[in-house]
Amino acid sequence: MGRSKIKNICLLLPLLLSIIACGHPDLDKFEGTGFSYQISAGKTDIVRARYTTDEGAPSIQLFDIKGNLKEEATITPYSGLGLTAMKNDTIQMTYVVGENEQMFLSWFKRIEYINPTRIGNYSIRYNYEIQNEYFENEGSEIDSLYIDKNTKMMSLFLKHKLITKKPMYLFRIEFSEITLYDPVSKLYTPYTFAGNRSFFEEYLKKVLDLYK
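Residues numbered from 1 in each chain as written. Predicted model: local features only at pLDDT ≥ 70, side-chain atom pairs only at ≥ 80, totals over all residues. Heavy atoms only, no water.

K.L.:
Just to check I follow, could you spell out the environment of Glu 55 for this structure?
P.N.:
Topologically, Glu 55 is positioned in the loop between β2 (46-52) and β3 (59-63). You can call Glu 55 exposed: its relative accessible area is 80%. Between the alpha carbons of Glu 55 and Gly 34 there is a distance of 9.4 Å; along the sequence they are 21 residues apart. (Helix = DSSP H or I, 4+ residues; strand = E, 2+ residues; numbered from the N terminus. Buried < 20%, exposed > 50% of the residue type's maximum accessible area, 1.4 Å probe, protein only.)

Shown next, in the form of structure tokens:
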């Protein structure tokens, strides 16, 4: 593809993304079991990384504090993609790849032409980590969760006992479990919901409650 064609695609990208965004529900609406999210609650808006195992690409979504979708930026899909840091007005997305993924490394060099670099007032940065193995901690059940309104730290509990406490954006919530990725230790820890209960919609409502 020529350089001029790439530039034309980049110019059309904001329009295409705005069209895509119109089809998605607001923050507290259940989209189905094939979706998972990482969420960061800012002062004036909410950032959500949205992933799907169904058809469609991952995206970064921007909501107002009432949960209304304002903007969406679609990201080139990859199985190891995740939100690993939120600092001031910068969103850090990280691709986790195997040691021999040469095709990915070649693609990553061209990422400035593929992935969006801004959404709202936020800049989006991309990096990658090479991991030879998938390291997973032994998780546990949980029966409740709490998000601190001031620090935006999320705590998971079982029978009133604190299981873990980390920045809320490091937790990826799915219909049947929550997975924590620690960027320092590179460990994944799954937490399942006790009693076959799902906290999916409850979690999304708790995010909106931070602004009440």
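K.L.:
Is there a simple way to think about the sheet that holds strand β12 (residues 161-167) in this case?
P.N.:
Strand-to-strand pairing in sheets goes through backbone hydrogen bonds, with the strands running parallel or antiparallel. Strand order in this open sheet of three strands is β10-β11-β12, and the pairing throughout is antiparallel. Either end of the sheet is taken by a strand with one partner, and the two such strands are β10 (144-147) and β12. If you compare each strand with its neighbour and ignore which way they point, the axes differ by 20 degrees on average. The pairing of strand β11 (residues 153-158) with β12 spans six bridges and is classified as antiparallel. Bridge pairing in β12 places Ser 155 opposite Lys 165. Of the strands in this sheet, β10 and β11 touch helix α3 (residues 200-209), which is tilted by about 20 degrees from β10. (Pairing = 2+ DSSP bridges. Axes fitted to C-alpha atoms, helices over the stretch in contact; angles between N-to-C directions. Contact = heavy atoms within 4.5 Å.)

K.L.:
What am I meant to see in the nonpolar core here?
P.N.:
The tendency in soluble globular proteins is for nonpolar side chains to be buried side by side. Residues Ile 39, Ile 91, Met 93, Tyr 95, Met 154, Ile 178 and Tyr 203 are the most contacted members of the largest nonpolar core, which totals 52 residues. Here this core gets five residues from one element, more than from any other, and that element is α3. (Core = buried A, V, L, I, M, F, W, Y, C linked by side-chain atoms within 4.5 Å.)

K.L.:
Would you take a moment to explain the environment of Lys 212 for this structure?
P.N.:
Looking at the element boundaries, Lys 212 is found in the segment after α3. For Lys 212 and Lys 149, which are 63 residues apart along the polypeptide, the C-alpha to C-alpha distance reads 9.8 Å. In terms of polar contacts, Lys 212 uses its side chain to reach the side chain of Asp 209, at 3.1 Å. (Polar contact = N/O pair within 3.5 Å; in protein donor to acceptor, adjacent residues only side chain to side chain.)

K.L.:
Sorry, what's going on with the packing of aromatic side chains here?
P.N.:
Pairs of aromatic rings are described using the distance from one ring centre to the other and the angle between the two planes. Within this structure, the stated rule accounts for nine aromatic pairs. Ring centres 5.6 Å apart and planes at 50 degrees place the aromatic pair Tyr 37 and Phe 200 in the tilted group. Linking Tyr 37 in strand β1 (residues 35-41) with Phe 200 in helix α3, this pair joins segments that are 163 residues apart in sequence. In terms of burial, Tyr 37 and Phe 200 fall into one category: buried. Between the aromatic rings of Tyr 95 and Trp 107, the centroid separation amounts to 5.4 Å while the plane-to-plane angle is 80 degrees, which identifies the pairing as edge-to-face. Linking Tyr 95 in strand β6 (residues 90-97) with Trp 107 in helix α2 (residues 102-108), this pair joins segments that are twelve residues apart in sequence. The two residues Tyr 95 and Trp 107 agree in class, both being buried. Site record: aromatic cluster; members linked through ring pairs are Phe 30, Tyr 37, Phe 175 and Phe 200. Cation over ring: Arg 48 sits above Tyr 37, and NZ or CZ is 3.9 Å from the ring centre. (Phe/Tyr/Trp six-rings, centres within 6.5 Å; stacked < 30°, edge-to-face > 60°. Lys NZ or Arg CZ within 6 Å of the ring centre and 35° of its normal.)

K.L.:
Would you mind going over the pattern of salt bridges with me for this structure?
P.N.:
Pairs may arise between side chains of opposite charge once their charged atoms sit close together. Per the counting criterion, the structure on display carries eight salt bridges. Here Glu 129 makes a salt bridge to Lys 186, at a shortest N to O gap of 3.0 Å. Here the residue Glu 129 occupies a position in strand β8 (residues 122-130), and Lys 186 occupies one in the loop between β14 (177-182) and β15 (187-193), the gap between them amounting to 57 residues. Note on Glu 129: relative accessible area 14%, which makes it buried. Taking relative accessible area as the criterion, Lys 186 reaches 29% and is therefore assigned partly exposed. (Salt bridge = Lys/Arg side-chain N within 4 Å of Asp/Glu carboxyl O.)

K.L.:
What is the right way to read the sheet that holds strand β5 (residues 81-87) from this model?
P.N.:
Ordered in space as β5-β6-β8-β7, the four strands form an open sheet in which the pairing is mixed. If you trace the sheet from one side to the other, it starts and ends with β5 and β7 (118-119), each paired once. In this sheet, β6 lies alongside β5 in antiparallel orientation, the contact comprising six bridges. Bridge pairing in β6 places Gly 82 opposite Thr 94.

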